[in-house]
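Okay, here's what each chain looks like letter by letter:
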Amino acid sequence: MSAIVLFMAVIAVIVGWWLSQQRLTAKPWLEEGSIDDFPGTGAMTVPAAKLGLGVFLAVATSLFALFISAYSMRMDMVDWRALPVPALLWFNTGVLVLSSVAMQWAYVSAQRNNMDGVIFGICAGGASAIIFLIGQLLAWRQLSAAGYFVASNPANSFFYMITAAHGLHLTGGLVALGRTTAKVWRGAEMPQLRLSVELCVIYWHFLLLVWLVVLGLLTGWTDDFVDICRRLLS
Amino acid sequence: MVDVPYEATVDVPPAEVAEVELYHPKSWWTQYVFSQDAKVIAIQYSLTATAIGLVALVLSWLMRLQLGFPGTFSFIDASQYLQFITMHGMIMVIYLLTALFLGGFGNYLIPLMVGARDMVFPYVNMLSYWVYLLAVIVLASTFFVPGGPTGAGWTLYPPQAILSGTPGQDWGIILMLSSLILFIIGFTMGGLNYVVTVLQARTRGMTLMRLPLTVWGIFTATIMALLAFPALFVASVMMLFDRLLGTSFFMPALVEMGQQMKYGGGSPILFQHLFWFFGHPEVYIVALPAFGIVSDLISTHARKNIFGYRMMVWAIVAIGALSFIVWAHHMYVSGMHPHFGFFFATTTLIIAIPTAIKVYNWVLTLWRGDIHLTVPMLFALGFIITFVNGGLTGLFLGNVVVDVPLSDTMFVVAHFHMVMGVAPIMVVLGAIYHWYPKVTGRMLDDWMGKFHFWVTFLGAYLIFFPMHYLGLLGVPRRYHDIGEAAFITPSVHTLNAFMSVVALIVGLAQMVFLFNLVWSYFKGRPSGGNPWRATTLEWQTPETPPGHGNWGKELPVVYRWAYDYSVPGAKEDFIPQNQPPTTRAIQGAAT
Amino acid sequence: MVVAIILLLVAVGSVLFHIYSPWWWTPIATNWRYIDDTINITFWITGAVFFAVIAFMAYCVFRFHHKEGRQAHYNPENKKLEWWLSIGTAIGVGAMLAPGLFVWQQFITVPANATEIEVMGQQWQWAFRLPGKDGRMGTTDVRHISPENPMGLNRDDPHGQDDVVIESGEMHLPVGKPVKVLLRSVDVLHDFYVPEFRAKMDMVPGMVTYFWMTPIRTGTFDVLCAELCGAAHAQMRAKVIVEEESDYHAWLEQQKTFAELSGRSAVTKATYRSGGK
């Protein structure tokens, strides 16, 4: 359970830092009075949707951290046989990186009021995300063709389950991206678009990060890394 | 006088919170059914939770009938008994209490108490309810599928949960896991709303330290639920894989009824870790809103500010944080590494300290108060007794070596019913008596309310207090019939029969309550906008019940904390949060 | 007034119930008196807190309930009082936790001279195994389980041949000798539970769990299953008989070893086969 406990510690630090800004030691019964006298008398200035996305990312991270915790606990059992990582995954990773880059392009263009750049960015980003998903499906097919079925070993089961969870999250992102595209289609102005694009970009980068961590886990790099850390510590 | 330094340069946001595009219902359907108004969603959540909760109540009757008079009722056999306990537990913990506190009270009270017009994402909020309803329907459907609902116990421990020795192995368990997954998806949608609304949509002047404790409780519980429910989600998905695809996440090599199974290598304890990583925070997900609400009930009806508000807030935060590192105290005898016992016993007992502080502060709020023994106040008193009782028995079970003889006995059953069954239900009922006038504009009938309280409180106490002693004697839980054993004396059966009779009476008293809810809706005394003369914002709405958008033209502005009761020198014994100050005379009057 | 009295009665009644309850733990049969002592300490501390809090609350309700003209005292907080209460609570908690952890340390430290015995749970019966003359138990695997070998012993393991296998659901133990009880399950979770022993532990398929104890008095004790294990959970019973050393040996003499049992079934099988031809 170390991954999830570590993640909870990070959350605790963030929450603690935020709470420390909120004057929790103030004595509210002494603070009767006109609103402008006291700091922090209103809501945060971040847009609600962005904050909502932030909270959702915390939930999703918790989910993946738990998958990883389960993975590392199950891995210690004797019947674990790591499965070969299909070469296709490297291609997919490249595509997903491209997708993130394209989305970043869209974001920068939105900041600069360049509508063509936004359209190019989200179309390229969406298309490469779809290619990534198709690539993942192909990787599944390659694996099962090679006899690595979902139930034949826990390593395989985790591979299918975690990639599926990641893929479903990306599919959800594509729906959001589709709505943004529809907004462009309907001729929305840039100020209305900027936030939608920004949210999509944050989510894309998040999923890229998750994918890299998952990939590290599936290829066993994370183990080596943890081992090195352990050796350094002891 | 303010002895806390602060920087006066921090940005003060604009007077009007950025105008949210308020959704406006266009037809009867969008006003009452597919409504995006948090108040309507709250009522939908509450009614659905109550409906499925009634099913769980009936199940508890059936269980008590079996336990009190084993062998008398031919329509209850061992398998059905297990199905009853499983469904009763799951419904009560998740589909009733969690949904009611967060989906029901959270939706109704958060926007009103923080001075918002609605939740920040009303559409997602609506979806949250409909996914929840779907989860409830899937859950309820297991009663009608072949094999019936699962009988694995609400903890759903593998391998038992998905093997054929357990009732409901084919459809029951699959639908149960699916329903949980749906519930979590639905809850996450709602939870995002509650958190962001508190962070984002507080009206001008509403600092965190001016929030009523109800909001603090629900807010903290929601954050915990958002982070903890994924553990149940992961566990459910993995178990579905094991059940449907034949993977071996949790399933070791095993022989079932003489038959070698194709599973191998998995770890049942892994499931327990995941389950309790959710399951323990879940206890506080139910308890923290109850803590918050009961603080407000006591303060309002004792006409006194809540004692030690700051400590109360810190305690809520501390409990919320600590509750994530105590999960394995449910697993002392699970076969996990015994050295974990030291760590988890210590953290578990440490969590008793902030919890105890809350209890002290509740009773100290009563001290030198002006206690109005209204029905909500009675329920609050009932909560304190049952919670103190259940909390203290928690110290037995949290202390690792004491848990060894008591785990899996009726002591555990008595403990958690007292602390997270009866106590939160006391708060739920008290809160309904308290806020019903705001929701409907009419008072609940007082006489029926008092009758309901005394029967429920004394009855529940009579059931669950003696039950501890059955556990101490050694009676194990989840037995449909204790049968023959040397240490079971005839008096055990007598006590069981007594508890069953009381349980039937307590259950029937809830019918009086339901009748009261309906009767008062039509015939109750009109309440006016603020019948309890309370300070918090929800009582200051221009209309009662609050209209669409809650506040009419202008959002309220908050000038003070939520507990200005019996302020010396004030005309009335309460000053609403949105009443501008006349002088700043009272500064320094206290501490 | 009435409310205050009822609240006080609840507190007083709870204490009286505790004192006069006919339902109390079974007479202990092992060395785990320390566990009972820790429970007693916990009862004293929590009982005092419970009574104090409820009595105080009842007094407040009696003294400060609403009357015409009463005004509540204005008192937002009292730092000092709150700190003292917190410190007091911490001391109380420490007084329960410290003996608890101390006894837990003993609970998980198995003495070197403990004899190993094995209990195996399966839906819905118990089986037992004792090491034979060599004092060591043979290895097992779920994959070896068959009608002839219900405990799944490894036939190739020489240590396993003289293991005593008991399937009658009646286990005997000598009094006064520490035993390490190894726990194993072949299907679902079970829990070897004898109320008089106080100690218990889940049996988990795929792993071996344990606890240890020293029986201190003779007698016949009921074995129950304490972890939900399916439809017949409540019927999963056996007996443990703690007896004097000499009686124990007399009983042990009559038990069959694994080799004897499998030899017998091999013989039966052979006869059956030859008969069939």
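Residues numbered from 1 in each chain as written. Chains lettered and ligands numbered in written order. Predicted model: local features only at pLDDT ≥ 70, side-chain atom pairs only at ≥ 80, totals over all residues.

Along chain B, the regular secondary structure elements total 15 helices and 2 strands. Radius of gyration (C-alpha) of chain B: 24 Å, near the 25 Å computed for a compact globule of 591 residues. By its C-alpha atoms, chain B is 80 × 50 × 50 Å across when sized along the principal axes. Across the 591 residues in chain B, those meeting the buried criterion constitute 66%. Counted over contacts in chain B with a minimum sequence separation of 6, partners at least 24 positions apart contribute 80%. (Helix = DSSP H or I, 4+ residues; strand = E, 2+ residues; numbered from the N terminus. Rg over C-alpha atoms; globule rule 2.2 N^0.38 Å. Buried ≥ 20, exposed ≤ 12 C-beta atoms within 10 Å, placed from the backbone. Contact = placed C-beta atoms within 7 Å.)

What follows concerns the overall build of chain C. Secondary structure summary: chain C contains 6 helices and 10 strands in total. In terms of overall size, chain C is more extended than a compact globule, its C-alpha atoms giving a radius of gyration of 27 Å where 277 residues would be expected to give roughly 19 Å. Each of the three principal axes of chain C carries a C-alpha extent, and together these read 105 × 40 × 35 Å. Looking at chain C as a whole, 41% of its 277 residues qualify as buried. Considering only intrachain contacts with a sequence separation of at least 6, the fraction spanning at least 24 residues in chain C is 71%.

This part takes up the interface of chain C and chain B. Opposite the 82 residues of chain C that make contact, chain B presents 98 residues. Those elements giving two or more residues to the side of chain C that touches chain B turn out to be α1 (2–20), α2 (33–64), α3 (79–108), β6 (190–193), β7 (200–203) and β9 (219–225) of chain C.

Bringing the sheet that holds strand β10 (residues 238–243) of chain C into the picture now. Residues and elements named next belong to chain C. Strand order in the open sheet formed by 5 strands is β4-β10-β9-β6-β7, with mixed pairing between adjacent strands. The open sheet is flanked by β4 (170–174) and β7, the only strands paired with a single partner. Across the sheet, the mean angle separating the axes of adjacent strands is 25° when strand polarity is ignored. In this structure, β6 lies alongside β9, joined through 2 bridges in antiparallel fashion. Across the sheet, the residue bridging to F192 is C225, located in β9. (Pairing = 2+ DSSP bridges. Axes fitted to C-alpha atoms, helices over the stretch in contact; angles between N-to-C directions.)

Attention shifts here to the sheet that holds strand β8 (residues 209–213) of chain C. Residue and element names in this part refer to chain C. Across the sheet, which stays open at both edges, the 5 strands sit in the order β3-β2-β1-β5-β8 with mixed pairing between neighbours. With one partner strand each, in any of the chains shown, β3 (164–166) and β8 form the two edges of the open sheet. The sheet shows a mean angle of 25° between the axes of neighbouring strands, direction not considered. Across 7 bridges, strand β1 (residues 115–122) lies against strand β5 (residues 179–185) in parallel orientation.

With that settled, the discussion passes to the pairing of β5 of chain C. Strand residues, when the strand is regular, have side chains that alternate between the two faces of the sheet. All names here are of chain C. For β5, the tally of buried residues reaches 5 of 7 residues, placing the bulk of the element in the interior. Bridge count between β5 and β8: 5 bridges; the pairing is antiparallel. Across the sheet, residue V179 finds its bridge partner in β8, namely M213.

Here the focus is unusual backbone geometry. Excluding glycine, residues mostly carry a negative phi; peptide bonds, for their part, are mostly trans. Residue and element names in this part refer to chain B. Here the residue pair T544 and P545 is connected by a cis peptide bond, since its omega of -10° sits within 30 degrees of zero. Mapped onto the fold, P545 is located in the segment after α15 (490–523). Of note in the backbone geometry, R368 takes a positive phi value of approximately 55° without being a glycine. Following the sequence through the fold, R368 ends up in the loop between α10 (352–366) and α11 (375–398). Phi angles above zero are rare outside glycine, and S566 is one such case at about 50°.

Residue and element names in this part refer to chain C. For chain C, the domain assignment lists domain 1 (2–65 + 79–108) and domain 2 (115–273). Spacing between the C-alpha centres of domain 1 and domain 2 amounts to 39 Å. Listed per partner, the contact involves 8 residues of domain 1 and 13 residues of domain 2. A class-by-class count of the residues in the side of domain 1 that touches domain 2 yields 5 nonpolar, 3 polar and no charged. (Domains from an automatic or database assignment. Nonpolar A, V, L, I, M, F, W, Y, C, P; charged D, E, K, R; others polar.)

So, about the environment of T300 of chain B. Residues and elements named next belong to chain B. Among the structural elements, T300 can be located in helix α7 (residues 268–301). The class of T300 is buried, set by 27 C-beta atoms lying within 10 Å. Beyond its immediate sequence surroundings of up to four residues, T300 is in contact with W532 and A534.

A few words now on the packing of helix α6 (residues 213–245) of chain B against α7 of chain B. Residue and element names in this part refer to chain B. Between α6 and α7, the least distance of the axes is 8 Å, while the angle of their chain directions is 160°. Classified by the interaxial angle, the pair formed by α6 and α7 is roughly antiparallel. With respect to the hand of their crossing, α6 and α7 are arranged in left-handed fashion. (Parallel < 35°, antiparallel > 145°, perpendicular 65-115°, else oblique. Left-handed = near helix turned anticlockwise from the far one by under 90°.)

What follows is about the nonpolar core. Ranked by size, the top nonpolar core spans 348 residues in total, and within it V234 and I384 of chain B together with M57 of chain C carry the most contacts. Taken domain by domain, this core gets at least three of its residues from each of domain 1 (2–65 + 79–108) and domain 2 (115–273) of chain C. Leave out the neighbours within four places in its chain, and M57 of chain C touches V363, L366, L381 and I384 of chain B together with L7 of chain C. (Core = buried A, V, L, I, M, F, W, Y, C linked by C-beta atoms within 7 Å.)

Angle between the axes and distance between the axes are the two parameters that describe a pair of packed helices. Residues and elements named next belong to chain A. Helix α4 (residues 115–145) packs onto helix α3 (residues 88–111) with a crossing angle of 165° between their chain directions and a minimal axis gap of 8 Å. It follows that α3 is roughly antiparallel to α4 by the angle criterion. For the pair α3 and α4, the crossing hand works out as left-handed. Broken down by class, the residue content of the contact of α3 with α4 amounts to 20 nonpolar, 10 polar and no charged.

Our focus in this paragraph is the environment of A232 of chain C. Mapping A232 of chain C onto the fold places it in the loop between β9 and β10. Residues A232 of chain C and W124 of chain C lie 108 residues apart in sequence; the distance between their C-alpha atoms is 6.4 Å. Beyond its immediate chain neighbours, meaning those up to four positions away, A232 of chain C contacts A78 of chain B together with W124 of chain C.

Among all positions of helix α9 (residues 340–350) of chain B, only G341, F344, A345, T346, T348 and L349 of chain B are buried. Where α9 of chain B is buried, its residues contact α10, α11 and α12 (400–406) of chain B together with α3 of chain C.

This brings us to α4 of chain A. All names here are of chain A. If you check α4, its first and last C-alpha atoms are 45 Å apart, about what 31 residues at 1.5 Å a residue would give, namely 45 Å. All of the buried residues along α4 are V118, G121, I122, G125, G126, S128, A129, F132, G135, Q136 and L143. Elements in contact with the buried residues of α4: α3, α5 (154–185) and α6 (190–219). Two residues or fewer past α4, G147 is found with a positive phi of approximately 90°. (Expected span 1.5 Å × (residues − 1).)

Time to look at the pairing of β1 of chain C. Residue and element names in this part refer to chain C. Pairing geometry for β1 and strand β2 (residues 125–130), over 5 bridges, is antiparallel. Bridging across to β2, Q122 finds its partner in Q125. Joining the antiparallel neighbours β1 and β2 is a turn of 2 residues.

Residue and element names in this part refer to chain B. Scored by pLDDT, chain B has a mean of 90; 95% of the residues are at 70 or more. Note on residues 1–20: pLDDT is under 50 here. Beyond four places in sequence and across chains, it has 30 contacts. Long-range and interchain partners of residues 584–591, a stretch whose pLDDT sits below 50, account for 19 contacts in this model, where long-range means more than four residues apart. (pLDDT = per-residue confidence, 0-100.)

Let us look at the environment of N156 of chain A. All names here are of chain A. Position of N156 among the secondary structure elements: in helix α5. The class for N156 is buried, based on 20 C-beta atoms found within 10 Å. Distance from N156 to G33, taken between C-alpha atoms, is 63 Å for residues 123 residues apart in sequence. Not counting chain neighbours up to four residues away, the residues in contact with N156 comprise L83, Y148, F149 and V150.

Attention now moves to the confidence of the model for chain C. Low-pLDDT stretches of the model should not have their predicted coordinates read in fine detail. The predicted model of chain C averages 89 in pLDDT, with 95% of residues at 70 or higher. In this model, residues 267–277 of chain C is a region of pLDDT below 50 whose contacts with residues beyond four sequence positions or in other chains number 0 contacts.

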